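Coordinate inspection notes
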Amino acid sequence: MKNLLVTCSLLVSASAHTIFTQLWINGVAQGHTKGIRVPTYDGPITDVTSNDVICNGGPNPLRTPLPKDVINVKAGDKLTAEWHHTLDSDQATDSSDPIDKGHLGPVMVYLAKVDNALTTTVTGLKWFKIYEDGMDSNGQWAVTRLYNNKGKVDFILPSCIQSGQYLLRAEIIALHGAANYPGAQLYMECAQLNITGGGSANPPTVNFPGAYKGTDPGIKFQLYWPTPTTYVIPGPTPFKC
Ligand SMILES: *[C@@H]1O[C@H](CO)[C@@H](O)[C@H](O)[C@H]1NC(C)=O
Ligand SMILES: [Cu+2]
């Protein structure tokens, strides 16, 4: 039974991947792909030691030229990351939009301060997590909540972080193939932000790659049997002011 479940899930979801395609600010959509470094293919990254785990790329070439927009936001704003199956998904006709229902796992958001969000390279940045959602006490996953909310995930930009330009890294980890490493499917894109009205916080940071290991309990994870009762979200604790 276990093998049957795993096999079916892999078969139906082989190409049902996802892309972070739009940012909302305080409930206002900013435009499809505006300010987001989107790839041309929606596949996952599975090697957590690869530079492709930072802001995608590699097997999923980034669309070029990079976006010409920096999205202006204020510290304390409510942001929404909106995900879709492909760059062109239409919710009404694509049952795997925003993501395959079986791609269960956590949702996270990170920030890294940069000198120039339009032009920055992604290696060597210092990241801090500002949001995470895993599995709740009823066994419902963040991805199910995202699916039910038509691909949208809300989070607050901490009010005390420093003003300036940032990359915002939104991430989903799908655990349907995560029983062995590599197997977990990491989906991520980076948005180019200009944050104003901030404070003077200095959050502790992590590196990508580096923040996750193949042996992390949230990366190598048995999703199906025995039915998991807890899940440890990988990476650092979200920063709070
Ligand atoms: C960032 O916002 C500040 C304050 O509004 C503005 O002066 C600056 O030009 C903005 N930078 C970019 C790159 O948009
Ligand atoms: Cu997929």
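Just so we're clear, the structure is a prediction, and the values are computed from it rather than from any experiment.

Per the stated rule, a full pass over the model turns up five salt bridges. Among the ionic pairs, Lys129 bridges to Glu132, the shortest N-O distance being 2.7 Å. The buried category is assigned to Lys129, whose relative accessible area is 1%. The salt bridge involving Asp133 is made with Arg145; its shortest N-O contact spans 3.0 Å. In this pair, Asp133 is assigned in strand β7 (residues 127-133) and Arg145 in helix α3 (residues 142-148), connecting sequence segments twelve residues apart. For Arg145, a relative accessible area of 24% corresponds to the partly exposed category. If you follow the salt bridges from partner to partner, you end up with Asp133, Asp136 and Arg145 in one network.

This paragraph deals with the nonpolar core. Counting residues in hydrophobic clusters, the biggest one holds 40 residues, and the most contacted among them are Phe20, Leu79, Leu111, Leu168, Leu193 and Ile195. Looking at which element gives the most residues to this core, the answer is strand β9 (residues 164-174), with five residues. Residues within four places of Leu79 in sequence aside, it is in contact with Leu23, Trp24, Ile25, Val73, Val153, Asp154, Phe155, Leu157, Leu168 and Leu193. Core analysis: the next-biggest nonpolar cluster, separate from the first, contains 34 residues, Met108, Val122, Leu167 and Ile233 among them.

Around the copper ion (ligand 2), the protein contributes the donor atoms His17 (ND1), His103 (NE2) and Tyr187 (OH), at 2.0 to 2.5 Å from the metal centre. Taken in sequence order, the residues that donate to the copper ion (ligand 2) follow the motif H-x85-H-x83-Y. In this pair, His103 is assigned in the loop between β5 (78-84) and β6 (107-114) and Tyr187 in strand β10 (residues 185-196), connecting sequence segments 84 residues apart. For Tyr187, a relative accessible area of 0% corresponds to the buried category.

It is worth spelling out the pairing of β9 at this point. Most of β9 is tucked away: ten of the eleven residues are buried. Here β6 pairs with β9 via eight bridges, running antiparallel. The residue of β9 that forms the bridge with Tyr110 is Arg169.

This part takes up the site of ligand 1. As a matter of local geometry, ligand 1 sits amid Asn72, Gln165, Asn194 and Thr196. Asn194 places a polar side-chain atom, nitrogen or oxygen, 2.3 Å from an oxygen atom of ligand 1. Protein chains shield 37% of the accessible area of ligand 1, which is 360 Å² for the free molecule. A per-class count over the shell around ligand 1 returns no nonpolar, four polar and no charged.

Relative to the assigned elements, Ala75 resides in the loop between β4 (71-74) and β5. Setting aside anything within four residues of it in sequence, one finds Ala75 in contact with Leu157, Pro158, Ser159, Ile195, Thr196, Gly197 and Gly198.

Attention now goes to the confidence of the model for the protein. Averaged over all residues, the pLDDT of the protein is 94; the fraction at 70 or higher stands at 94%. Predicted confidence is poor over residues 1-13, with pLDDT under 50, and the contacts of this stretch with residues over four places away or in other chains come to twelve contacts.

So, about the packing of aromatic side chains. Throughout the structure, instances matching the rule amount to nine aromatic pairs. Both rings, one in Trp141 and one in Tyr231, keep their centres 5.0 Å apart while their planes meet at 65°; by these two values the pair is edge-to-face. Of this pair, Trp141 sits in the loop between β7 and α3 while Tyr231 sits in the segment after β10, and the two are 90 residues apart along the sequence. Relative accessible area serves as the criterion here: at 4%, Trp141 is assigned to the buried category. Grouped by ring-pair contacts, the aromatic residues Tyr110, Trp127, Phe208 and Tyr212 constitute a single cluster.

What counts as what
Residues numbered from 1 in each chain as written. Chains lettered and ligands numbered in written order. Predicted model: local features only at pLDDT ≥ 70, side-chain atom pairs only at ≥ 80, totals over all residues. Heavy atoms only, no water. Salt bridge = Lys/Arg side-chain N within 4 Å of Asp/Glu carboxyl O. Buried < 20%, exposed > 50% of the residue type's maximum accessible area, 1.4 Å probe, protein only. Helix = DSSP H or I, 4+ residues; strand = E, 2+ residues; numbered from the N terminus. Core = buried A, V, L, I, M, F, W, Y, C linked by side-chain atoms within 4.5 Å. Contact = heavy atoms within 4.5 Å. Donors = N, O, S within 2.8 Å, 3.2 Å for Na, K, Ca; no water. Pairing = 2+ DSSP bridges. Near = heavy atom within 4 Å. Polar contact = N/O pair within 3.5 Å; in protein donor to acceptor, adjacent residues only side chain to side chain. Areas by Shrake-Rupley, 256 points an atom, 1.4 Å probe, with all protein chains shown as cover. Nonpolar A, V, L, I, M, F, W, Y, C, P; charged D, E, K, R; others polar. pLDDT = per-residue confidence, 0-100. Phe/Tyr/Trp six-rings, centres within 6.5 Å; stacked < 30°, edge-to-face > 60°.

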